[in-house]
Amino acid sequence: MRGTVVAVHGHHFLVEGGEGGHCGIVECVTRGKKGGVACGDNVKFASTSAGRGVIESIAARRNLLYRSDEFRSKLLAANVDQAAIIVAAVPAFHEELLIRCLVACEVADIPALIVLNKADLPETEALARGLAPYIDLGYPLLQVSAREEVAALAQRLAGHTTVLVGASGVGKSTLLNRLVPDANATTGEISLALDAGKHTTTHARLFRLPSGAGALIDSPGMQEFGLKHLDQASLMAAFPEIRSRHGQCRFYNCRHLKEPGCAVLEAAKTGSILASRLKVYHGLLAGIR
Ligand SMILES: Nc1nc2c(ncn2[C@@H]2O[C@H](COP(=O)(O)OP(=O)(O)OP(=O)(O)O)[C@@H](O)[C@H]2O)c(=O)[nH]1
Ligand SMILES: [Mg+2]
Ligand SMILES: [Zn+2]
C-alpha cells in the first residue's frame, strides 16, 4: 500500500493510507535501522495487523527541508510546496535564526514566506519595519495575529502543502489551530524568565486543510538552525543579494570576505545589503572552510 507520513515519533511513524488519506491512519515502523523518514514522505508500506504496518520504501522526494550539525541531520518536512517561517516580536526576535531558515529553504529549493505573527502586540510594529528589506529580497511578508486575523495567511495556504517553521513560542501551533480547527494542537505559554518558548511541540505533524486541498505541517520550534550540509557554492546561491551580484566582483572566485573590488562588500558599505545578513553569510562561510 502507498501512503503519506503524517507524523514522526522517533522510530514510529503515522502513515495516512491511500490518496488524500481515505484509508485511515496506520502506525508504522521501518524494517531494520533505516531511519531517515520525514513528515510528508510518500512511502510504500505493508500492513502487519489491524492499524499497524511496516514501511518498505520511501518514494523519491521532490524536496527535503532539514537541519544538520556535525553528528546528524534533523528532517523537518519533505515534499512541500512552500515554507512559512513564523516570526514574532515576543519572545525576542533573533534575526540569525530567520536568515538560517531562509538559507535552508533556498538550498532545498523551497519557496519561503515570512509570517510576522502576534500583530496584536504593540512591539510588532517596529519589527515589521525591520523586516521590510526582506520584501525587496523577494520574500513575501505577511502580518497576522493568531488571536485575531489570519485571513491573509489562509489565502496563501489554500491548495498548497506548507511547513510552519520558526523559534519556539512564535505561535506556530496557535496558527495551526486557527487554520485547521480540529487539529487540537497543544500550545504553550512563553517563559518570561527566559524570554523564550517552552518547546511545546515535540514532533512534526501534517494536517489536511479543512477545504480538502492542501496541508499544513506543524514543527517543533528550534533555537538554532544548523547548516552543516552547506557547501560554498550553495551558500553563495542562497543569498539573493549575493546571487544577483554574481560576476560583478573584481575576482571571479571572490568569496566576498575582504577582497578588493568586491561588489557585495561595496553594497554593504552603502547599506544596500543588510549588515546583519552579510554577517551571517560570513559566519556560515567560516563554518565551511
Ligand atoms: N498575543 C498573541 N499571542 C499569541 C499569538 N499567537 C500565539 N500566541 C501565544 O504565544 C504562545 C506560544 O504559542 P504556540 O502556538 O505554542 O507557539 P509555537 O510556535 O507552537 O511553539 P513551539 O511548539 O514551542 O515551537 C502561546 O501563549 C500563544 O497563546 C498572537 O497572534 N498574539
Ligand atoms: Mg507548537
Ligand atoms: Zn565579492
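You'll find the structure just up there.
From a predicted model like this one, the values you see are computed outputs, not experimental measurements. Starting afresh in each chain, residues are numbered from 1 along the sequence in its written order. Note on labels: chains are lettered from A, ligands numbered from 1, in written order. Residues qualify for local features only when their pLDDT is at least 70, as the model is predicted, and side-chain atom pairs are given and counted only at 80 or more; totals for whole chains, interfaces and linings, by contrast, use all residues. Water and hydrogen atoms were dropped before computing side-chain values, which therefore reflect all heavy atoms in the structure.

Draft legend 1. Summary view of the overall build of the chain. A tally of regular secondary structure across the chain gives eight helices and 15 strands. Accessibility here uses a 1.4 Å probe with only protein chains present; expressed as a share of the type maximum, an area under 20% marks a residue as buried, one over 50% as exposed, and anything in between as partly exposed. When each of the 289 residues of the chain is scored for burial, the buried share is 46%. The contact rule is simple, with two residues in contact once any of their heavy atoms fall within 4.5 Å. Counted over contacts in the chain with a minimum sequence separation of 6, partners at least 24 positions apart contribute 63%. Here the accessible surface of atoms and residues is derived via Shrake-Rupley with a 1.4 Å probe, and residues count as covered only by protein chains that are part of the display. For the chain, the accessible area works out to roughly 14,400 Å², and carbon and sulfur atoms hold 51% of it. For the chain, the separation between the mean place of its 31 positive charges and that of its 27 negative charges on side chains is 6 Å. Helix numbers and strand numbers start at the N terminus; a helix is a DSSP run of H or I with at least 4 residues, a strand a run of E with at least 2. Charge counting follows a simple rule: Lys and Arg are positive, Asp and Glu are negative, and His as well as the terminal groups are ignored. Charge positions are represented by NZ for Lys, CZ for Arg, CG for Asp and CD for Glu.

Draft legend 2. Structural detail: the coordination of the magnesium ion (ligand 2). Ligating atoms shown are N, O and S within 2.8 Å of the metal, or 3.2 Å for Na, K and Ca, and water is not included, meaning a site may look less than complete. Protein ligation of the magnesium ion (ligand 2) involves Ser173 (OG) and Thr201 (OG1), the donor distances falling in the range 2.0 to 2.1 Å. Taken as a pair, serine 173 in helix α4 (residues 172–179) and threonine 201 in the loop between β13 (196–197) and β14 (205–208) lie far apart in primary sequence, 28 residues in all. Residue classification places threonine 201 among the buried residues on the basis of a relative accessible area of 17%.

Draft legend 3. Spatial organisation of unusual backbone geometry. Residue proline 91 follows valine 90 across a cis peptide bond; omega there is -10°. Mapped onto the secondary structure, proline 91 falls in the loop between β8 (82–87) and α1 (95–108). Unlike most non-glycine residues, asparagine 184 shows phi in positive territory, near 50°. With respect to the helices and strands, the residue asparagine 184 is situated in the loop between α4 and β12 (190–191).

Draft legend 4. How the structure looks around the site of ligand 1. Around ligand 1 lies a shell of 23 residues, among which Asp120, Ala146, Ser168, Thr174 and Thr201 are the nearest. Identification of polar contacts relies on pairs of N or O atoms within 3.5 Å, with a donor-acceptor requirement for protein atoms, meaning one able to donate a hydrogen and the other able to accept it, and with residues adjacent in sequence counted only if both atoms are side-chain atoms. Note that an oxygen atom of ligand 1 is positioned 2.8 Å from one of the backbone N or O atoms of glycine 221. When ligand 1 sits alone it has 660 Å² of accessible area, and the protein chains cover 95% of it. Within the shell around ligand 1, the residues separate by chemical class into five nonpolar, 13 polar and five charged. In this text, near means that some heavy atom of the residue lies within 4 Å of the molecule or strand in question. Three categories are distinguished: nonpolar for Ala, Val, Leu, Ile, Met, Phe, Trp, Tyr, Cys and Pro, charged for Asp, Glu, Lys and Arg, and polar for the others, with Gly belonging to the last.

Draft legend 5. Seen up close, α4. Those residues of α4 that sit buried are Lys172, Ser173, Leu175, Leu176 and Leu179. An end-on view of α4 places all buried positions within 155° of arc, on one side of the element. Check the buried side of α4 and you find it contacts β8, α3 (151–157), β11 (161–166), β14 and β15 (215–218). The reported arc concerns the directions from the helix axis to the C-beta atoms and nothing else.

Draft legend 6. Quick peek at the packing of aromatic side chains. The rule is short: rings of Phe, Tyr and Trp, with Trp giving its six-membered ring, pair when the centres are within 6.5 Å, and they are stacked under 30 degrees, edge-to-face over 60, tilted in between. Under the counting rule described, the total for this entry stands at one aromatic pair. Summarising the aromatic geometry, the rings of phenylalanine 239 and tyrosine 281 are spaced 5.6 Å apart at their centres and angled 80° between planes, so their arrangement reads as edge-to-face. Highlighted residues: phenylalanine 239 in the loop between α5 (232–237) and α6 (240–243) and tyrosine 281 in helix α8 (residues 275–288), separated in sequence by 42 residues. For phenylalanine 239, a relative accessible area of 1% puts it in the buried group.

Draft legend 7. Region of the structure containing the side chain of serine 68. The topology assignment puts serine 68 in strand β6 (residues 64–68). Its relative accessible area of 7% is what places serine 68 among the buried residues. A polar atom in the side chain of serine 68 sits 3.1 Å from the backbone nitrogen of lysine 228. Only 2.6 Å separates the side chain of serine 68 from the side chain of histidine 229, close enough to count as a polar contact. Leave out the neighbours within four places in its chain, and serine 68 touches Ser73, Gly226, Leu227, Lys228 and His229.

Draft legend 8. Region of interest: the nonpolar core. Buried residues of nine kinds, namely Ala, Val, Leu, Ile, Met, Phe, Trp, Tyr and Cys, make up a nonpolar core once their side-chain atoms join them within 4.5 Å. Ile85 and Phe239 are the most contacted members of the largest nonpolar core, which has 68 residues in total. The element that contributes the greatest number of residues to this core is α1, accounting for nine residues. One finds Val115, Leu142, Val170 and Ala183 within the second-largest nonpolar core, a separate group that totals 22 residues.

Draft legend 9. Inspection of α1 at higher detail. Expected span, for any helix, means 1.5 Å times one less than how many residues it has. In a regular helix each residue adds 1.5 Å, so 14 residues correspond to 20 Å; α1 covers 20 Å between its end C-alpha atoms and thus fits that length. Taking burial as the measure, the 14 residues of α1 include ten buried ones, the bulk of the element. Leu97, Leu98, Ile99, Arg100, Cys101, Leu102, Val103, Ala104, Cys105 and Ala108 are the residues of α1 that are buried. Note on α1: the residue one or two positions beyond its end, aspartate 109, has a positive phi of about 60°.

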